[in-house]
Amino acid sequence: MSDSHNSKPWQGRFTEATDAFVEQFTASIGFDQRLYAHDIRGSIAHARMLGHTGILTSKECQSIIEGLQQLQLDIESGKINWSVALEDIHMNIESLLTQRIGDAGKKLHTGRSRNDQIATDIRLYMRDQIDSILSQLTRLMQGLIELAEREAATIMPGFTHLQVAQPITFGHHMMAWFEMLQRDYGRLTDCRKRMNQLPLGAAALAGTSYPIDRQFTADALGFDNPCDNSLDAVSDRDFAIEFCSAAALIMTHLSRFAEELVLWTSAQFDFIDLPDRFCTGSSIMPQKKNPDVPELVRGKSGRVFGNLFSLLTLMKGQPLAYNKDNQEDKEPLFDSVDTIHDSLMAFADMIPALTTRADNMRAAALQGFSTATDLADYLVRKGLAFRDAHEVVGRAVRLGVDSKRDLSEMELSELQSFHSSIEADVFEVLTLEGSVNARNHLGGTAPEQVRAAVVRARQVLKQYRLA
Ligand code: ARG
């Protein structure tokens, strides 16, 4: 980055140069340079509007547009050095443009302020970022659907309190993650919709005295409409907070998912295998294969939660309208964008590649009396009240604990000693398959229901593609 002392557009009312440290301290070009393409896009639309309304001549307007397009190419081919003296991306680009096209460049800022400019740039940038995050999210959802279909009938233990609770199907477990991600998708699209309003025209805070056409600019940039109030348009960053909040929830979901993957790949569970390409080894223990990708995603949730808190605190107590505090919105926002994009991408790559160890899951499901509820339900069908059935089965489980046997391993006569209505057909309900197949209603774990959920989920993804 060059620190050449380019003259500042606001130098007029000042009698001494900016302190060198203050110049560094107040500059945002180090991080807002990533907005260059959206800044140029916003400026081109603004220039078109100025031409369309006759505020600038069509010649001036044309020269600005061509100058900005050329500048973008030069930025992208690495020919541009950003200047800290010019503070931010907006003044850097305006100054570079003016160096290239002369006086017309000085007219670009007519009827506009950096305040409505930055509020517009962030929205344009966030729209694109949300779209690319949504595409990683749908890739992960797609992967979950395929895995769920493949493992629709694979039995595993379902847990509460991390204790074996009832048998479930692996496919059903995967579709639970799908549901969470579907809500995440909804939150991001809601947030995108609410932020899709144009701040330009608000100028510094009060609007502008030029005969601008805000609807024209809104249409040119694909915004639903111009923001209704100039003070609100330049000052609030609620859309960024909303995004960071949706991002925090995504990381909450991914970190829970990650935790399960870490547990399931451990020798104690050994339910699944992650391909080597998603794991790393230990520099000292030759036998180790560590689930680093899920662990890192779990860990990265911390920074995304922190970013949400940074933005809430940044906004809290700010009087209307724009304050320089808002320059601090970018780094947390960018960090959340990058982190959830990459975390979703890692999961989207990894999930379809995981393989299950059905034997181990089955063996685990056979432990911990996972079909005890099925026995209670059986007794209810024989006429007992559920509470009484619960009591009877509790006593049978106690015998099982003492004699180290599952309910299905007991003799019929033993089971009958707990209640006389138990008959030979009881062994069907005590099997793992009997247990999961019995839960055959919307939202239940039966393989048939998993397949139905997969069909519904494919419809959901189809709707996303059409939207
Ligand atoms: N770099 C500033 C920001 O990110 C742009 C707006 C500056 N406006 C101002 N009046 N100083 O918020």
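Fair warning: this is a prediction, and the values are worked out from it, not measured in the lab.

## Things to note about helix 6 (residues 114-150)
- When the terminal C-alpha atoms of helix 6 are compared, their 54 Å separation across 37 residues agrees well with the 54 Å that a helix rising 1.5 Å per residue should span.
- Extensive coverage of helix 6 is indicated by the burial of 27 of its 37 residues.
- Capping the start of helix 6 is the job of one residue whose side-chain oxygen sits 2.8 Å from the backbone nitrogen of asparagine 115: serine 113.

## Structural notes on the site of the ligand
- Residues in close proximity to the ligand include Ser28, Asp88, His90, Arg114, Asn115, Ile118, Tyr322, Gln327 and Lys330, which together make up its full environment.
- Here a nitrogen atom of the ligand sits 3.2 Å away from a polar atom, N or O, in the side chain of aspartate 88.
- The contact in question runs from an oxygen atom of the ligand to an N or O atom on the side chain of tyrosine 322, over 2.4 Å.
- About the coverage of the ligand: the protein hides 87% of its 350 Å² of free accessible area.
- Here the shell around the ligand gets three residues from one element, more than from any other, and that element is helix 6.
- The class makeup of the residues in the shell around the ligand is two nonpolar, four polar and three charged.

## A word on the packing of helix 14 (residues 372-381) against helix 15 (residues 386-403)
- The N-to-C vectors of helix 14 and helix 15 enclose an angle of 135 degrees; their axes lie 8 Å apart at closest approach. Taken together, the axis directions place helix 14 and helix 15 in an arrangement best described as oblique. As helix 14 packs across helix 15, the resulting crossing turns out to be right-handed. For the pair helix 14 and helix 15, the contacting residues are Ala372, Leu375, Ala376, Asp377, Leu379 and Val380 in the first and Phe386, Ala389, His390, Val392, Val393 and Val397 in the second.
- Its residues placed into classes, the contact of helix 14 with helix 15 shows 10 nonpolar, one polar and one charged.

## Remarks on the nonpolar core
- Among the nonpolar cores identified, the biggest contains 75 residues, and Phe243 and Phe347 are the most heavily contacted of them.
- Residue assignment for this core shows that the elements contributing at least two residues are helix 6, helix 7 (170-195), helix 10 (238-265), helix 11 (292-315), helix 12 (330-350), helix 13 (358-365) and helix 19 (447-466).
- It is helix 10 that provides the largest number of residues to this core, a total of 15 residues.
- If sequence neighbours within four positions are ignored, phenylalanine 347 has contacts with Leu140, Leu254, Phe257, Ala258, Leu261, Pro294, Val297 and Pro352.
- Counting 25 residues, the second largest nonpolar core, distinct from the first, contains Met49, Leu50, Leu56 and Cys61.

## A few points about the packing of helix 7 against helix 10
- Relative orientation of the contacting elements helix 7 and helix 10 amounts to 165 degrees, with a least axis distance of 9 Å. By the angle between their axes, helix 7 is roughly antiparallel relative to helix 10. Crossing angle aside, the handedness with which helix 7 passes helix 10 is left-handed. Across from Phe170, His173, Met174, Trp177, Met180, Asp184, Arg187, Leu188, Cys191, Arg194 and Met195 in helix 7, the residues of helix 10 making contact are Phe239, Glu242, Phe243, Ala246, Leu249, Ile250, His253, Arg256, Phe257, Glu260 and Trp264.
- Residues belonging to the contact of helix 7 with helix 10 are distributed by class as follows: 14 nonpolar, two polar and six charged.

## A short note on the pairing of strand 2 (residues 163-169)
- Across six bridges, strand 1 (residues 155-160) lies against strand 2 in antiparallel orientation. Each bridged residue has a counterpart across the sheet, and for proline 157 the counterpart in strand 2 is proline 167.
- The turn linking strand 1 back onto strand 2 is made up of two residues, and histidine 161 within it adopts a positive phi angle of 55 degrees.

## A few points about the side chain of arginine 112
- Along the polypeptide, arginine 112 turns up in the loop between helix 5 (89-101) and helix 6.
- Within the buried core, arginine 112 has no salt-bridge partner, and the shortest N-O distance to an opposite charge, that of glutamate 94, equals 4.9 Å.
- At a separation of 2.8 Å, a polar atom in the side chain of arginine 112 contacts the side chain of serine 43.

## Looking at the packing of aromatic side chains
- In the structure shown here, the tally under the stated rule is 10 aromatic pairs.
- Between phenylalanine 21 and phenylalanine 25, the aromatic rings sit 5.6 Å apart at their centres with planes inclined by 25 degrees, giving stacked as the arrangement. One end of the pair, phenylalanine 21, and the other, phenylalanine 25, are both in helix 1 (residues 20-26), four residues apart, so they sit about a helical turn from each other.
- Each member of the aromatic cluster is reached from another via a ring pair, and the members are Phe159, Phe170, Trp264, Phe269 and Phe271.
- In this structure, arginine 13 is placed above the aromatic ring of phenylalanine 14, and the distance from its NZ or CZ to the ring centre is 5.8 Å.
- Its end group placed over the ring of phenylalanine 223, arginine 127 keeps NZ or CZ at 4.7 Å from the ring centre.

Thresholds applied
Residues numbered from 1 in each chain as written. Predicted model: local features only at pLDDT ≥ 70, side-chain atom pairs only at ≥ 80, totals over all residues. Heavy atoms only, no water. Helix = DSSP H or I, 4+ residues; strand = E, 2+ residues; numbered from the N terminus. Expected span 1.5 Å × (residues − 1). Buried < 20%, exposed > 50% of the residue type's maximum accessible area, 1.4 Å probe, protein only. Polar contact = N/O pair within 3.5 Å; in protein donor to acceptor, adjacent residues only side chain to side chain. Near = heavy atom within 4 Å. Areas by Shrake-Rupley, 256 points an atom, 1.4 Å probe, with all protein chains shown as cover. Nonpolar A, V, L, I, M, F, W, Y, C, P; charged D, E, K, R; others polar. Axes fitted to C-alpha atoms, helices over the stretch in contact; angles between N-to-C directions. Parallel < 35°, antiparallel > 145°, perpendicular 65-115°, else oblique. Left-handed = near helix turned anticlockwise from the far one by under 90°. Contact = heavy atoms within 4.5 Å. Core = buried A, V, L, I, M, F, W, Y, C linked by side-chain atoms within 4.5 Å. Pairing = 2+ DSSP bridges. Lys, Arg positive; Asp, Glu negative; His and termini not counted. Salt bridge = Lys/Arg side-chain N within 4 Å of Asp/Glu carboxyl O. Phe/Tyr/Trp six-rings, centres within 6.5 Å; stacked < 30°, edge-to-face > 60°. Lys NZ or Arg CZ within 6 Å of the ring centre and 35° of its normal.

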